[in-house]
Amino acid sequence: AAAQETIKIGLILPMTGPFASTGRQVSAGAKTFMAMKGDTVAGKKIELVIRDDAGTADQTRRIAQELVVNDSAKVLAGFGLTPLAMAVAPVATQAKIPSVVMAAGTASITKASEYITRTSGTLPQYSLPVGTWAAANKIKKVVTLVSDYGPGIDAEKWFTKEFKAKGGEIVEAVRVPLANPDFAPFLQRVRDAKPDAVFVFLPSGAGSLFMKQFADRGLADAGIKLIATGDVTDDDILNSMGKPAIGTITGHFYATAHDSPENKAYVAAFKKANADMRPNFMSVGGFDGMALIYAALEKTKGDVTGPAFMAAVKGLSWTSPRGPVSIDPETRDIIQNIYIREVKDVNGELQNVEFQTFKDLKDPEKADA
Ligand code: DHB
């Protein structure tokens, strides 16, 4: 028999540096998919090639080129932060290489190349429902506090748009640096503005220091409620945040505690392979990125060339550990439920407990255009 053809998937992630938790979670999620579903699809063997860009866009672009030219990778995937995903767009377009964003969340990323699709989510998609929830729950005045780059700007814009449309008032908009932030001076500004709540976006991993400084500065004692995107109460670090995190309300697409048979199976397989580490939303972006690649290859009967693969991606749907998802044929972004959650102590572990669902949301940034 002829040797089975291998399809290489280049997974480019920050495996070291300040965003290493993203790389660890996404790669573990992708590997969990292959452990559960096997390493062959449509008669082809799938091989993951994991490369570390250390969170630096120049490296992401160089590694993407090397993977395509030297290693004959047919699909690129991963991309832990918006600037890293953006750096790959020209490579994807020029080489017609399908590229699956498993982590980054700025809405405009999928507009940067016809060959980009996404299995994480967009900040507009999961910030808007937090605005809906806040306005419906006696919150009148809010200060926004976001990381000063793509996803933060998107979160600020869409929370604000929705909250104001429903009658809320934004009293101040604070932007904090992405690199090595010290939140203390910014939290003092929030405190002085005396809002009912502060709405926060920070990238995965940054929530621990924020939560500590939020508690130390006495904002909760001053009656300021913390509402956020689920990136802040990331399940990877939530349990170590302790009491100050309890009661935080967030909006996001995945919680480890999501109650479904698909998620129970996923969490069990993930924990078994990763020394009991909790899978967070980043890991599910990796898991579903592989689900998308397998489903597209089944549809094309193994044809991994760019145009055929991207045509197959459009309109795919499946049941994820997060709930039902599909790929918007117009935008190549993911359509998914967004859940409003509250941090609670559940049998001695802090969990994001879902209590309200906004069903089948598209990226509102594109719906608007
Ligand atoms: C991005 C990074 C994150 O860690 C996150 O939680 C959301 C978005 C980004 O850079 O797009």
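As the structure is a prediction and not an experimental result, all values here were calculated from the model.

Quick look at the overall build of the protein chain
Looking only at helices and strands, the protein chain has eleven helices and 15 strands in total. Computed over C-alpha atoms, the radius of gyration of the protein chain comes to 20 Å, within 12% of the 21 Å expected from 2.2 N^0.38 for 369 residues, which places it in the range of a compact globule. Here the C-alpha coordinates of the protein chain stretch approximately 70 × 45 × 35 Å along the principal axes. Every one of the 369 residues in the protein chain was classed for burial, and the buried ones make up 58%. Long-range contacts, defined as pairs at least 24 residues apart, comprise 67% of the intrachain contacts of the protein chain with a sequence gap of at least 6. Carbon and sulfur atoms make up 50% of the accessible area of the protein chain, which totals about 14100 Å². Here the protein chain contributes 42 positive and 41 negative side-chain charges, whose respective centroids are spaced 1 Å apart.

Remarks on the confidence of the model for the protein chain
Overall, the predicted model of the protein chain reaches an average pLDDT of 97, with 99% of residues at or above 70. Ranking the helices and strands of the protein chain by mean pLDDT puts strand β5 (residues 99-101) first, with 99, and helix α11 (residues 364-368) last, with 84.

Here we look at the site of the ligand
Close contacts around the ligand come from 15 residues, with Thr82, Gly105, Tyr149, Ser204 and Asp231 the closest. Backbone polar atom of Gly105 to an oxygen atom of the ligand: 2.8 Å apart, as the coordinates give it. Contact between the ligand and Ser204: an oxygen atom at 2.9 Å from a main-chain N or O atom of the residue. Burial of the ligand by the protein amounts to 100% of the accessible area it has alone, namely 290 Å². Split by residue class, the shell around the ligand holds nine nonpolar, five polar and one charged. Here the shell around the ligand spans two domains, since at least three of its residues come from each of domain 1 (6-121 + 259-332) and domain 2 (124-252 + 338-368).

Some points on the packing of helix α1 (residues 20-37) against helix α9 (residues 281-300)
Between α1 and α9, the shortest axis-to-axis distance is 6 Å and the interhelical angle comes to 40°. Judged on the interaxial angle alone, α9 and α1 are oblique. For the element pair α1 and α9, the recorded crossing hand is right-handed. Between α1 and α9, the residues in contact are Thr22, Gln25, Val26, Gly29, Ala30, Thr32, Phe33, Met34, Met36 and Lys37 and Met282, Ser283, Gly286, Phe287, Met290, Ala291 and Tyr294, respectively. Class assignment for the residues of the contact of α1 with α9 results in ten nonpolar, six polar and one charged.

Notes on the nonpolar core
If you look at the biggest cluster of nonpolar residues, it comprises 70 residues, and the most contacted ones within it are Ile46, Phe159, Ile227, Met290, Leu292, Ile293 and Phe309. Broken down by element, the residue count for this core peaks at eleven residues, all from α9. Structurally, this core is a two-domain feature, drawing no fewer than three residues from each of domain 1 (6-121 + 259-332) and domain 2 (124-252 + 338-368). Discounting chain neighbours no more than four positions away, the residues touching Ile293 are Ile9, Val75, Val100 and Phe309.

Regarding the sheet that holds strand β4 (residues 75-78)
A sheet is described by the order of its strands in space; here six strands give the open sequence β2-β3-β1-β4-β5-β6, paired in mixed fashion. Looking at strand neighbours, the two that pair on one side only are β2 (40-41) and β6 (116-118), the edges of this open sheet. With two bridges joining them, β2 and strand β3 (residues 44-52) adopt antiparallel strand pairing. Bridging from a neighbouring strand, Val41 pairs with Lys44 of β3.

Thoughts on the pattern of salt bridges
For the coordinates displayed, the defined rule picks out 19 salt bridges. Here Arg51 makes a salt bridge to Asp71, at a shortest N to O gap of 3.5 Å. Of this pair, Arg51 sits in strand β3 while Asp71 sits in the loop between α2 (57-69) and β4; the two residues are 20 residues apart in sequence, bridging distant segments of the chain. In this structure, Arg62 engages Glu66 in a salt bridge whose closest nitrogen and oxygen atoms are separated by 2.9 Å. Note that Arg62 and Glu66 are positioned in helix α2 at a spacing of four residues, about one turn of the helix. What makes Glu66 partly exposed here is its relative accessible area of 29%. When salt bridges that share partners are traced, they join Arg118, Asp333, Asp363 and Lys366 into one network.

What to know about the packing of α1 against helix α8 (residues 261-273)
It is at 10 Å that the axes of α1 and α8 come closest, and there the two elements cross at 110°. The angle between α1 and α8 falls in the class roughly perpendicular. When α1 is examined against α8, the residues Gln25, Ala28, Gly29, Thr32 and Met36 are found in contact with a partner set consisting of Ala265, Tyr266, Ala269 and Phe270. Partitioned by chemical class, the residues of the contact of α1 with α8 number six nonpolar, three polar and no charged.

Details of the side chain of Lys366
Inspection of the secondary structure assignment puts Lys366 in helix α11. A polar contact is formed between the side chain of Lys366 and the side chain of Asp333, at a distance of 2.3 Å. The contacts of Lys366, once residues within four sequence positions are left out, are Ala107, Thr110, Lys111, Arg118, Thr122, Thr331 and Asp333.

Some remarks on α9
Relative to the 28 Å expected for 20 residues at 1.5 Å per residue, α9 spans 28 Å between its end C-alpha atoms, a close match to the ideal helical length. Among the 20 residues in α9, 17 count as buried, and that is most of the element.

Topic: the domain arrangement of the protein chain
A common way to state how big an interface is: give the accessible area lost once the parts meet. Segmenting the protein chain into domains produces domain 1 (6-121 + 259-332) and domain 2 (124-252 + 338-368). Relative placement of domain 1 and domain 2: their C-alpha centres are 27 Å apart. Of the residues lining the interface, 25 residues belong to domain 1; the matching set on domain 2 comes to 27 residues. Here domain 1 and domain 2 share an interface that buries about 1900 Å² over both sides, 53% of which is from carbon and sulfur atoms. Summed over the three residues of domain 1 that lose the most area to domain 2, namely Ala107, Arg278 and Phe281, the buried surface amounts to 34% of that side. The interface formed by domain 1 and domain 2 contains four salt bridges. Residues Asp328 and Lys362 are paired through a salt bridge, measuring 3.9 Å at the closest nitrogen-oxygen approach.

Cut-offs and rules
Residues numbered from 1 in each chain as written. Predicted model: local features only at pLDDT ≥ 70, side-chain atom pairs only at ≥ 80, totals over all residues. Heavy atoms only, no water. Helix = DSSP H or I, 4+ residues; strand = E, 2+ residues; numbered from the N terminus. Rg over C-alpha atoms; globule rule 2.2 N^0.38 Å. Buried < 20%, exposed > 50% of the residue type's maximum accessible area, 1.4 Å probe, protein only. Contact = heavy atoms within 4.5 Å. Areas by Shrake-Rupley, 256 points an atom, 1.4 Å probe, with all protein chains shown as cover. Lys, Arg positive; Asp, Glu negative; His and termini not counted. Charge placed at Lys NZ, Arg CZ, Asp CG, Glu CD. pLDDT = per-residue confidence, 0-100. Near = heavy atom within 4 Å. Polar contact = N/O pair within 3.5 Å; in protein donor to acceptor, adjacent residues only side chain to side chain. Nonpolar A, V, L, I, M, F, W, Y, C, P; charged D, E, K, R; others polar. Domains from an automatic or database assignment. Axes fitted to C-alpha atoms, helices over the stretch in contact; angles between N-to-C directions. Parallel < 35°, antiparallel > 145°, perpendicular 65-115°, else oblique. Left-handed = near helix turned anticlockwise from the far one by under 90°. Core = buried A, V, L, I, M, F, W, Y, C linked by side-chain atoms within 4.5 Å. Pairing = 2+ DSSP bridges. Salt bridge = Lys/Arg side-chain N within 4 Å of Asp/Glu carboxyl O. Expected span 1.5 Å × (residues − 1). Buried area = accessible area lost by both parts, 1.4 Å probe.

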